[in-house]
Amino acid sequence: MTATTPERYDLIVIGAGSAAREAASRASTEHGASVAVIERERWGGQCPNVACKPTKQYVAAAELLRDLRVVAGELGIETSAPTFDLARLKARKDWLIGTQETWQARFADAGYETITAEASFADAHTVRVGERELASEHILVATGSRTFVPPIPGLDEVPWVDHIGALELTELPDSLLVLGGGAVGLELAQAFSRFGSRVTIVQSGPRIAARADLDASAELTAALSEEGIEIATSARVTSVASEGAGLIATLTSGDGEERMVSAALLLVASGRSPNVEELELDAAGVAHDRHGIGVDERLRTNVPGIW
């Protein structure tokens, strides 16, 4: 049986998000490189499809809704009570994002070979996609991350979403329990609260927005609390169970005290996990652990030619 001859490129990019686009563009325009881009799921990556761009639509709608309800009267503007339709906002979001075919065409029109498939390393210079093999002296891993799903007992039995699922909702939940007080959780918590959901945020650390400075975190806590959002810090969701069409969660504080919180839906926004499991990094000798791939200050892995 004759071995397949790998197809050769100057650069192979695994992933088709923001980092992949920038790398492919620079390699092609500044160095005349031949580039292959491989994507298994979401051409364009998270930011334009399920993160930055669509969530800002929700933030803008939520701010406008709040202004009509709260600020307009203070400015002498009298309006009837505004109503909100989540399904219509989702439809506009979907239109704004565009189709996957359109996104893939952008890569193809730029002159890159576009391959929709799961990629894995055959060795340090060869990437396998289905029955094809691609070879290059330069390979960029730009596979991004996904929502970290904590091992909470009962989670598989209750209604929950991550930020991607939240953007697919067409009916507003009466109540929302947000697991995580980082950027994703806070952004969606405020938006859904302004839409009309009763929102509770649970943060395992002593404060929300832990990466911000203390003053900013305190101001944000005060602002969200004033809008009616309950914030439970130094607390963990230790179990969940179904309750009617929704769920009931057990919140455990640092001193072991427990209380129960009911919600129609749980939003998991408790961090990120690297998308590296399917890459078969060991075949290429790339050092990695549960936190992702080890790199230096120039994003080089321990294997020359792999970034």
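Residues numbered from 1 in each chain as written. Predicted model: local features only at pLDDT ≥ 70, side-chain atom pairs only at ≥ 80, totals over all residues. Heavy atoms only, no water.

Participant: Can you help me understand the sheet that holds strand β5 (residues 119-123) in this one?
Facilitator: Whenever strands of a sheet pair, they do so through backbone hydrogen bonds, lying parallel or antiparallel. Across the sheet, which stays open at both edges, the four strands sit in the order β1-β7-β6-β5 with mixed pairing between neighbours. Strands with a single pairing partner mark the edges of an open sheet, and in this sheet they are β1 (7-8) and β5. The pairing of β5 with strand β6 (residues 126-129) spans four bridges and is antiparallel. Looking across to β6, one finds that phenylalanine 121 is bridged to valine 127. (Pairing = 2+ DSSP bridges. Helix = DSSP H or I, 4+ residues; strand = E, 2+ residues; numbered from the N terminus.)

Participant: Explain the pattern of salt bridges here, please?
Facilitator: Proximity of charged atoms lets side chains of opposite charge pair with each other. Per the counting criterion, the structure on display carries 19 salt bridges. The residue lysine 93 makes a salt bridge to aspartate 94 at a minimum N-O spacing of 2.9 Å. With a relative accessible area of 2%, lysine 93 lands in the buried category. Here aspartate 94 falls in the partly exposed class, since its relative accessible area comes to 32%. (Salt bridge = Lys/Arg side-chain N within 4 Å of Asp/Glu carboxyl O. Buried < 20%, exposed > 50% of the residue type's maximum accessible area, 1.4 Å probe, protein only.)

Participant: Sorry, what's going on with the state of the cysteines here?
Facilitator: Disulfides are covalent bonds that connect the sulfur atoms of two cysteines. One pass over the full model with this rule turns up one disulfide. Each disulfide pairs two cysteine sulfurs, and for cysteine 47 the partner residue is cysteine 52, the sulfurs being separated by 2.3 Å. Note on the cysteine 47 and cysteine 52 pair: the S-S dihedral is about -130°, so by sign convention the disulfide is left-handed. You can call cysteine 47 partly exposed: its relative accessible area is 28%. (Disulfide = S-S within 2.5 Å.)

Participant: Quick question: what am I supposed to make of the side chain of serine 197 here?
Facilitator: As for its placement among the helices and strands, serine 197 is situated in the loop between α7 (183-195) and β12 (198-203). Reaching out from serine 197, the side chain makes a polar contact with the backbone oxygen of proline 173 at a distance of 2.6 Å. Setting aside anything within four residues of it in sequence, one finds serine 197 in contact with Leu172, Pro173, Asp174 and Phe192. (Polar contact = N/O pair within 3.5 Å; in protein donor to acceptor, adjacent residues only side chain to side chain. Contact = heavy atoms within 4.5 Å.)

Participant: Mind showing me how you'd approach the packing of aromatic side chains here?
Facilitator: Each aromatic ring pair is summarised here by two numbers: the centre-to-centre distance and the angle between the ring planes. As enumerated under the stated definition, the model contains five aromatic pairs in all. Taken together, Tyr58, Phe84, Phe192 and Phe195 form an aromatic cluster joined through their ring pairs. The ring of tryptophan 103 carries arginine 106 above its face, with NZ or CZ at 4.2 Å from the centroid. (Phe/Tyr/Trp six-rings, centres within 6.5 Å; stacked < 30°, edge-to-face > 60°. Lys NZ or Arg CZ within 6 Å of the ring centre and 35° of its normal.)

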